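Close look at the chain arrangement
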Amino acid sequence: MHVLSLRRFCTLLLLLAACSAAAGIWHCHKKQTEETSTPSLPNQQVSSDQRLSSDQVAMDRQAFEKAADYAQRITDSVLLIFGGSIVILLGTGYRRPVSRWMRATYLLFPLGWVFLWFSVRDAMKVRGTYIAYLLGPPKDSLGRIDRIQTLNGFALSQTRWLSCGLATFAIWLMIYLCWWISQPNAEVEKENAG
């Protein structure tokens, strides 16, 4: 009787995790659609013939460089998370569930990997925007604003996808933690390292 109610509880947790992941995907897609459909222009009017000073170009170059470095640091973190999740799947030094329904929670990993890939993709776009700025800096204020908005859009999207990926892995970790606390050692498969 106790095992049956625990199984229902874990099934409910798995369904809740799947619903949360679906809601996260929908939310990220909705935000992305809103940002691309309504560009945010500054309140002040900017004429296209307003030339940029060399100080402005230098400041922008530094800001773009900082944004590209930040995107690279996030990408490095994403690669560590990806590697850690692979170690969890292939590692043998922890308790593995025997039951099929609990092993099904590992299907959250590919979803998390997809989110992490989208984050890395947008980080590459941030770096590409920076390189494009170095190769051909804008000559006027409108070009400058366009480049800044492009960079900001990619950086925000990168952060959102990273958040979705982290949330997916956090959901799996909470399910695993509940299972780990509630399961007796007799129902656990301990794999030997040798």
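A brief structural summary.

Let's talk about the overall build of the chain
The number of helices and strands found in the chain is five helices and two strands. Helices (α) and strands (β) of the chain occur, in sequence order from the N terminus, as α-α-β-α-α-α-β. The 194 residues of the chain split such that 28% are buried. A separation of at least 24 residues holds for 88% of the contacts in the chain among residues at least 6 apart in sequence. Here the chain displays about 12200 Å² of accessible surface, and carbon together with sulfur accounts for 65% of that area.

Describing the pattern of salt bridges
Taken as a whole and judged by the stated rule, the model has two salt bridges. Of the charged contacts in the structure, one is a salt bridge between Asp122 and Arg121, with a shortest N-O distance of 3.4 Å. Judged by relative accessible area, Arg121 falls into the partly exposed class, the value being 27%.

Details of the side chain of Ser85
The residue Ser85 is located in helix H2 (residues 54–90) in this model. Among the residues examined, Ser85 registers a relative accessible area of 2% and is labelled buried. In terms of polar contacts, Ser85 uses its side chain to reach the backbone carbonyl oxygen of Phe82, at 2.7 Å. Contact partners of Ser85, with chain neighbours within four places excluded, come to Phe109, Trp113 and Phe169.

A short note on the packing of H2 against helix H5 (residues 141–182)
Where H2 meets H5, the closest approach of the two axes is 11 Å, and the angle between their N-to-C directions is 20°. The angle between the axes of H2 and H5 places the two elements in the roughly parallel class. Two packed elements cross with a definite hand, and for H2 against H5 that hand is left-handed. Taken together, the residues of H5 that come into contact with H2 (itself represented by Gln56, Asp60, Phe64, Ala67, Ala71, Ile74, Thr75, Val78, Ile81, Ser85 and Ile88) are Arg144, Arg147, Ile148, Leu151, Gln158, Thr159, Leu162, Leu166, Phe169 and Trp172.

Regarding the packing of H2 against helix H4 (residues 108–135)
The interhelical angle for the contact between H2 and H4, taken along N-to-C directions, is 160°, at an axis separation of 9 Å. In terms of axis orientation, H2 runs roughly antiparallel to H4. Here the hand of the crossing between H2 and H4 comes out left-handed. Class assignment for the residues of the contact of H2 with H4 results in 21 nonpolar, five polar and five charged.

A look at the environment of Arg96
Looking at the secondary structure, you find Arg96 in strand S1 (residues 96–97). When the C-alpha atoms of Arg96 and Trp180 are compared, they prove to be 9.0 Å apart, with 84 residues separating the residues in sequence.

Brief notes about a nonpolar patch on the surface
A cluster of nonpolar side chains, contributed by Met174, Leu177, Trp180 and Ile181, occupies part of the molecular surface with about 420 Å² of accessible area. Relative to the elements of secondary structure, Leu177 occurs in helix H5. Leu177 sits in the partly exposed class, given a relative accessible area of 37%.

Conventions and cut-offs
- Here the residue index of a chain counts from 1 through its sequence in written order.
- Reporting of local features is limited, given that this is a predicted model, to residues whose pLDDT is at least 70; pairs of side-chain atoms are given and counted only at 80 or more, and all residues count toward the totals for whole chains, interfaces and linings.
- No hydrogens and no water enter the side-chain calculation; it runs on all heavy atoms of the structure.
- Strands are runs of DSSP state E lasting at least 2 residues, helices are runs of H or I lasting at least 4, and numbering of each runs from the N terminus.
- Think of it in three bands: with a 1.4 Å probe and only protein chains considered, a residue is buried below 20% of the maximum accessible area for its type, exposed above 50%, and partly exposed in between.
- Residue contacts are defined here by distance: any two heavy atoms, one from each residue, within 4.5 Å place the two residues in contact.
- Computed by Shrake-Rupley with a 1.4 Å probe, the accessible areas treat only the displayed protein chains as cover when residues are assessed.
- Salt-bridge detection follows one rule: a side-chain nitrogen of Lys or Arg within 4 Å of a carboxyl oxygen of Asp or Glu.
- Two N or O atoms form a polar contact when they lie within 3.5 Å of each other; inside protein one atom must be a possible hydrogen donor and the other a possible acceptor, and for residues adjacent in sequence the pair counts only when both atoms belong to side chains.
- Convention adopted: a line fitted to C-alpha atoms gives each axis, helices being fitted over their contacting stretch, and angles between N-to-C directions are expressed from 0 to 180 degrees.
- Should an angle fall under 35 degrees it is taken as roughly parallel, and over 145 as roughly antiparallel, whereas 65 to 115 is taken as roughly perpendicular and any remaining angle as oblique.
- Take the far helix as your reference; a near helix turned counterclockwise from it by less than a right angle gives a left-handed crossing, and one turned clockwise gives a right-handed crossing.
- Residues were grouped as follows: Ala, Val, Leu, Ile, Met, Phe, Trp, Tyr, Cys and Pro as nonpolar; Asp, Glu, Lys and Arg as charged; and all remaining residues, including Gly, as polar.
- Each patch is built from salt-bridge-free residues with over 30% relative accessible area, joining like charges within 9 Å and nonpolar side chains (Val, Leu, Ile, Met, Phe, Trp, Tyr) within 5 Å.

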